[in-house]
There are 2 protein chains.
Amino acid sequence: MTYGTVTPAVVAELRAIVGGKSVWIDEERLEAYTHDETSSDEYAHAPDVVVLPTTTEHVAAIVKLANRERIPITPRGAGSGLSGGAIPVFGGILISLERMDKLVELDLDNMTITAQAGMVTNDLAHTVAEHGLFFAGYPMSVETCQIGGNIAENAGGGKAVKYGVTGRYVMGLELVTPTGEVVWLGGKLAKDVSGYDLKQLVIGSEGTLGIVTQAIIKLTAYPKAASDLLVLFDSPRAAIDLVPRMLRQGIVPTGIEFMDRLSFQTSCQYLNETLPYQDAGAMLLIEVDGNDPAAVEADLLAIGDLCEKHGALEVYVAEDRNAVERVWSVRRNIAEAFKVERPVQSLEDIVVPVASIPDVIPELERLGAAYGMQIPCYGHAGDGNLHATLVKDPAMDHATWLRNKDACLRELYRFVQGLGGKISGEHGIGLKRKAYLGDVTNPVEIDLMRAIKRAWDPLNVMNPGKIFALDAGP
Amino acid sequence: MTYGTVTPAVVAELRAIVGGKSVWIDEERLEAYTHDETSSDEYAHAPDVVVLPTTTEHVAAIVKLANRERIPITPRGAGSGLSGGAIPVFGGILISLERMDKLVELDLDNMTITAQAGMVTNDLAHTVAEHGLFFAGYPMSVETCQIGGNIAENAGGGKAVKYGVTGRYVMGLELVTPTGEVVWLGGKLAKDVSGYDLKQLVIGSEGTLGIVTQAIIKLTAYPKAASDLLVLFDSPRAAIDLVPRMLRQGIVPTGIEFMDRLSFQTSCQYLNETLPYQDAGAMLLIEVDGNDPAAVEADLLAIGDLCEKHGALEVYVAEDRNAVERVWSVRRNIAEAFKVERPVQSLEDIVVPVASIPDVIPELERLGAAYGMQIPCYGHAGDGNLHATLVKDPAMDHATWLRNKDACLRELYRFVQGLGGKISGEHGIGLKRKAYLGDVTNPVEIDLMRAIKRAWDPLNVMNPGKIFALDAGP
């Protein structure tokens, strides 16, 4: 199979669709679209052309053209992805949704917001906050990421223990299919079994089953009370051991975030922030929310007591929003901090049953020692979703690092599989984990995925080269 | 395309797979498997053979045999379905899951239960209740229905306003694919984006994409407090008008159930029950739950005040569980009561955006008058999911009834489509609504469904004839 090329005639046709100012072919401008937040050295690849549509009709016309010429398409949101999903590995046409950032409708009666896919998640959050509402599925990269990208990756976030992830809040979406048809899936409906749940299939399919152009998001009334607990421990193990114990109490916190020392110290350094407790071995940041301040208080006290009984060094109740926001900012910026401070690394996204997370920490320590690397760890402990990060020792040569990283990941992923876990909880498979998915997945499951991909995208033009290889299948 | 037939050799092979006592071909025994809870007169069809496997391996072997001989398979749970999904329209092999009713694992650390698909939902509920846990996605037919059927239909229930439907609680499932392969999808994971969400695609696919043989169900701590409000109105419109108003308050009730007079009177008659308030024009049954009794009380008071301010005749706070259980029993038995007391009828399952439900009642009144039939209505008002029931006037001849029912449904469904709604919220399309789905669905969406069905079930043996016709597609 060979793809068609982006000829001057194709570029002219793209210009006719979206206008000349929305089609870029100069190398300088293309550069920004060669990578996402994964390592540029390992994964970057340039598109032949970047197109910036503003309407669904533009997107559909571009996709139809790409099918006619068999040119690969890569859809892209903010480029804040962590698995290489927006990288145009086969060149071709990159469709950036960044100019499709309009609010379509705020429906207060049904408590929904409809937006174009390129709307920045924070803009959406601010728009609805004015009405006392919030989008509970927001991810950690809320300041830059876009709704369409959140949907493509089924992004998680810091409130998933209580509120779940993006997919729970997507009531409907407008999809441009891989062959360029336009269809709305779902609607403003609390339930719907009128045929297959195609909407949920598209969510998390990383742009391989079409391009989401608009979405209807379910909003929730802002909880009237919220409070945070910061709990310090002498070691990561002591912190993580408490998580399943906490969840068994019947209290459902909004989120339980975990950071080990290297993770929060790296983020503090990056932010030029000083926290009074930054020498602790590990910390948990626990949020509780609800409509009744007394109930929130009671839950926090119960959690605090439990922590003190089971090995916590200190329990701080955050007194003001400002102090809390500083700690959350440290937590949110860890990934970015490692990228800047320790650029040669691999940010992982394993997820295991919550009761099994205490087993993960000793294994990470063992793997770090075995492969000569540091493996700091942080993440959404309450979801069993840990961002272990393999960090290259500056003394290690690059070839050894690449070999050790690969071997270490294979061991880690098999260990996770043995616990009943998966290799990605919220970042996706994309390009970064594609070579590993088959190792830890029943081939029957991969074949079922491939069958859908082939049936919807017979020419394999829609974000090809992501999640699995098509040609290796039956 | 013609299907193969169930020859004596096929029956012998089935007996070799599951044992002679688990394969039935005598007409008397087959009769019970010819219909579900839809009208037998209109939809019943006999299978050629009923097989009662007890293991996943049995199911897989039967499906492989069916593929080899191209014999249609119809999977069946309790037969409590309301859209004809379990009716073997093309004869062939009916696989009843009724003997696959075992508890596989109760995992208190992860708060999950794993069960075979044939476990009765009530048995599952009782098992976990002993540990203070509950399955929040339970449907109204909880006393008879089975977990596998709940999953096949993505069943709703009386708690969906707060807790959502079955699909939210299915963490993992074991599937025998349409070609007889066995695969586990999902797991005990709070989040997972390791490839397409095939688990969610299977949920609600009405047995057309394979047979669910086991499932991992997420459990929730039993709320420590729950209370109900029974609110009487002089008309259905007055009751329904209050529902979106209530939801806009920011209080999230567990459920808001609606019954008009004919619905609850028919159920009372069937149950030989007398309620003191059964002459009201309509009623809402509102449940609130939570961990804090004072907060539950406060929410109920706020809802009661709102009802009194906006047209309620009477507001009763249920004083004891026994009184509450009597009203819930009336609500749960309406469908069965209509089936017995008014057997010639069509139970509908429309779902609309919550803010639009007040528009539905006048339209039902108009359609009833136009087509000479009563259309009583009840259902999950808080989800926008109403069980309007077209009831034949005894004076109308049968041919006119069938013609009028068809014309009335087409009008109703188009009206619902115009509101942004769908024709089934929780009962499914199955056989009963198959002829109508195309009327109110974008052909692109149906083609995407068909493409998946063809890709997974190339011989079309897995519950064929449900949801859509395959041959009419591209």
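Residues numbered from 1 in each chain as written. Chains lettered and ligands numbered in written order. Predicted model: local features only at pLDDT ≥ 70, side-chain atom pairs only at ≥ 80, totals over all residues. Heavy atoms only, no water.

### As for the interface of chain B and chain A
- With 73 residues of chain B at the contact, the number on the chain A side is 73 residues.
- Regarding the contact of chain B and chain A, the summed buried area is about 5500 Å², with carbon and sulfur atoms giving 63% of it.
- Three residues stand out in chain B for area buried against chain A, namely Lys191, Val193 and Tyr196 of chain B, and they jointly supply 18% of the buried area on that side.
- At the junction of chain B with chain A, the criterion picks out eight salt bridges.
- For Asp109 of chain B, the salt bridge is made with Arg248 of chain A, and the minimal N-O distance between the two is 3.2 Å.
- Across the contact surface, chain B and chain A share 23 residue pairs in polar contact (both at pLDDT 80 or more).
- Elements represented by at least two residues in the side of chain B that touches chain A include exactly strand 9 (182–186), helix 8 (198–202) and helix 17 (443–456) of chain B. (Contact = heavy atoms within 4.5 Å. Buried area = accessible area lost by both parts, 1.4 Å probe. Salt bridge = Lys/Arg side-chain N within 4 Å of Asp/Glu carboxyl O. Polar contact = N/O pair within 3.5 Å; in protein donor to acceptor, adjacent residues only side chain to side chain. Helix = DSSP H or I, 4+ residues; strand = E, 2+ residues; numbered from the N terminus.)

### What about the sheet that holds strand 2 (residues 49–51) of chain B?
- Reading across the sheet, the four strands line up as 1-2-4-3 (chain B) and stay open at both edges, with mixed pairing between neighbours. The open sheet is flanked by strand 1 (23–24) and strand 3 (73–76) of chain B, the only strands paired with a single partner. (Pairing = 2+ DSSP bridges.)

### Here we look at the domain arrangement of chain A
Residue and element names in this part refer to chain A.
- Each assigned domain of chain A is listed here: domain 1 (8–96), domain 2 (103–221), domain 3 (225–331) and domain 4 (342–418).
- Computed over C-alpha atoms only, the centres of domain 1 and domain 2 are separated by 22 Å.
- Taken together, the contact between domain 1 and domain 2 spans 15 residues of the former and 18 residues of the latter.
- Interface area for domain 1 against domain 2, summed over the two sides, is near 1200 Å², with a carbon-plus-sulfur share of 58%.
- By the criterion of area lost to domain 2, the three top residues of domain 1 are Thr56, Lys64 and Pro75, representing 34% of everything that side buries.
- Applying the counting criterion to the domain 1 and domain 2 interface returns one salt bridge.
- When the shortest N-O distance is used, the salt bridge between Glu181 and Lys64 registers 2.8 Å.
- The interface formed by domain 1 and domain 2 contains four residue pairs in polar contact (both at pLDDT 80 or more). (Domains from an automatic or database assignment.)

### Side note on the packing of aromatic side chains
- Counted under the stated rule, the structure contains 16 aromatic pairs over all chains.
- Measuring from centroid to centroid gives 5.7 Å for Phe468 of chain A and Tyr196 of chain B, while their planes differ by 75°, and the two rings are edge-to-face. Taken as a pair, Phe468 of chain A in the segment after helix 17 (443–456) and Tyr196 of chain B in the loop between strand 9 and helix 8 lie in two separate chains rather than in one. When sorted by exposure, Phe468 of chain A lands in the same class as Tyr196 of chain B, which is buried.
- By way of ring pairs, the aromatic residues Phe134, Tyr163 and Tyr222 of chain A are connected into one cluster.
- For Arg29 of chain A, the ring lying beneath its charged end belongs to Trp24 of chain A, and the centroid distance is 4.2 Å. (Phe/Tyr/Trp six-rings, centres within 6.5 Å; stacked < 30°, edge-to-face > 60°. Buried < 20%, exposed > 50% of the residue type's maximum accessible area, 1.4 Å probe, protein only. Lys NZ or Arg CZ within 6 Å of the ring centre and 35° of its normal.)

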